[in-house]
Amino acid sequence: MCPPKGLHLLVDAFCLLGKNNPEVKLAIAGAQTPGDLGYVGEQKEKLAKAGLLERVSFHPNLDREEKIQFLQNLSVFSVPALYGESFGLYLLEALAAGVPVVQPNHGAFPEVLAATGGGTLFDPLTPEALAGELEKLLQNPDKARELGAAGQRNVFESFSVDAMARRVLGTLPT
């Protein structure tokens, strides 16, 4: 729950999306340190001014079981990181739960989504573009389920501990 992960971008996108879609809710989870409290408070104020705070839940510092349950209850997942993320383990966690993802078209995200088939990219890095991609999946649950299932299947096939160990062993000299 910090600026580099783009929480403010997600909140802004939800403000756009939430105005015309009264059934849409936002659930926010992630690490939250004492240094993040002011930033999170700013996001809550923005949501309150938009009349949407009651449709948003915050879940800081979840343990493993709580995170799995949190992910399994989502329709779509996004962490619109502002920087060139080098991998994004949180994507694999969401995909392993069968949740489609919407990510910025930079960093490792295009490669991870090409390898898993579990989501879509948005560009430019704006609230409008993010809201548009989220809305496409929310309005097409069959497509969202298809992406989530593909992502889940490919994460278990290609990114499990066993699969990764086999790849490492296959690259060692004999």
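Residues numbered from 1 in each chain as written. Predicted model: local features only at pLDDT ≥ 70, side-chain atom pairs only at ≥ 80, totals over all residues. Heavy atoms only, no water.

What follows is about the overall build of the protein. Helix and strand counts for the protein come out as 8 helices and 4 strands. Secondary structure elements in the protein, listed N-terminal to C-terminal, are α-β-α-β-α-α-β-α-β-α-α-α. Along the longest, intermediate and shortest principal axes, the C-alpha atoms of the protein span 65 × 40 × 30 Å. Scored against the burial criterion, the 174 residues of the protein give a buried share of 41%. Across the protein, contacts joining residues at least 24 apart in sequence account for 66% of those joining residues at least 6 apart. As presented, the protein carries roughly 9,400 Å² of accessible surface, and 56% of it is formed by carbon and sulfur atoms. The average position of the 15 basic charges and that of the 20 acidic charges among the side chains of the protein differ by 2 Å. (Helix = DSSP H or I, 4+ residues; strand = E, 2+ residues; numbered from the N terminus. Buried < 20%, exposed > 50% of the residue type's maximum accessible area, 1.4 Å probe, protein only. Contact = heavy atoms within 4.5 Å. Areas by Shrake-Rupley, 256 points an atom, 1.4 Å probe, with all protein chains shown as cover. Lys, Arg positive; Asp, Glu negative; His and termini not counted. Charge placed at Lys NZ, Arg CZ, Asp CG, Glu CD.)

Moving on to the side chain of Gln-103. Positionally, Gln-103 belongs in strand β3 (residues 101–104). Residue Gln-103 is classed as buried on the basis of its relative accessible area of 0%.

Let us look at the nonpolar core. Core analysis: the largest hydrophobic core is formed by 28 residues, its most contacted members being Ile-28, Leu-47 and Leu-130. Breaking this core down by element, the ones donating at least two residues are α1 (7–20), β1 (26–30), α2 (37–49), β2 (56–60), α6 (127–139) and α7 (141–158). Per-element tally for this core: the top contributor is α1, with 8 residues. Every residue in contact with Leu-130, bar those within four places of it in the chain, is listed here: Leu-9, Leu-10, Ala-13, Ser-78, Pro-80, Val-102 and Phe-122. Leu-71, Val-79, Phe-109 and Phe-159 belong to the second largest nonpolar core, which has 18 residues in total. (Core = buried A, V, L, I, M, F, W, Y, C linked by side-chain atoms within 4.5 Å.)

What follows deals with the layout of surface pockets. Roughly 1,100 Å³ of volume is contained in the largest pocket. Along the walls of the largest pocket sit 42 residues, with Ala-27, Ile-28, Ala-29, Phe-70 and Phe-77 positioned nearest its centre. Elements supplying a minimum of two residues to the lining of the largest pocket: α1, β1, β2, α3 (64–72), α4 (89–96) and α6. Residues that form the lining of the largest pocket fall into these classes: 25 nonpolar, 10 polar and 7 charged. (1 Å grid on protein atoms, 1.4 Å probe; cavity = no way out; pocket = protein on both sides within 12 Å on 5 of 7 lines; lining within 4 Å. Points joined across faces, edges and corners; volume = space filled by probe spheres on them. Nonpolar A, V, L, I, M, F, W, Y, C, P; charged D, E, K, R; others polar.)

Let's shift gears to unusual backbone geometry. At the junction of Asp-123 and Pro-124, the peptide bond is cis and its omega measures out at 5 degrees in the coordinates. Tracing the backbone shows Pro-124 in the loop between β4 (119–122) and α6. In the Ramachandran plot, Asn-61 falls in the positive-phi region, its phi being about 55 degrees despite a non-glycine side chain. In this structure, Asn-61 sits in the loop between β2 and α3. The class of Asn-61 is partly exposed, set by a relative accessible area of 48%.

The final tally for this structure, using the stated rule, is 2 aromatic pairs. When the centroid spacing of 6.2 Å and the interplanar angle of 55 degrees are considered together, the rings of Phe-87 and Phe-159 count as tilted. With Phe-87 in the loop between α3 and α4 and Phe-159 in the loop between α7 and α8 (161–171), the pair connects residues that are 72 residues apart, well separated along the chain. The aromatic ring of Phe-58 is capped on one face by Lys-44, whose charged end is 4.7 Å from the ring centroid. (Phe/Tyr/Trp six-rings, centres within 6.5 Å; stacked < 30°, edge-to-face > 60°. Lys NZ or Arg CZ within 6 Å of the ring centre and 35° of its normal.)

Along the polypeptide, Glu-54 turns up in the loop between α2 and β2. Counting along the chain gives 29 residues from Glu-54 to Lys-25, while the straight-line C-alpha distance between them is 8.9 Å.

What follows concerns helix α5 (residues 109–116). Every α-helix winds through 3.6 residues per turn, so residues three or four apart in the chain are directed the same way. What α5 keeps buried is the set Phe-109, Val-112, Leu-113 and Thr-116. One side of α5 carries all its buried residues, which in axial view fall inside an arc of 95 degrees. Exposed positions of α5 whose direction lies more than 90 degrees from the buried face are Glu-111 and Ala-114. Considering only its buried residues, α5 is in contact with α4, β3, β4 and α7. One or two residues past the end of α5 sits Gly-117, with phi positive at roughly 65 degrees. (Arc of directions from axis to C-beta.)

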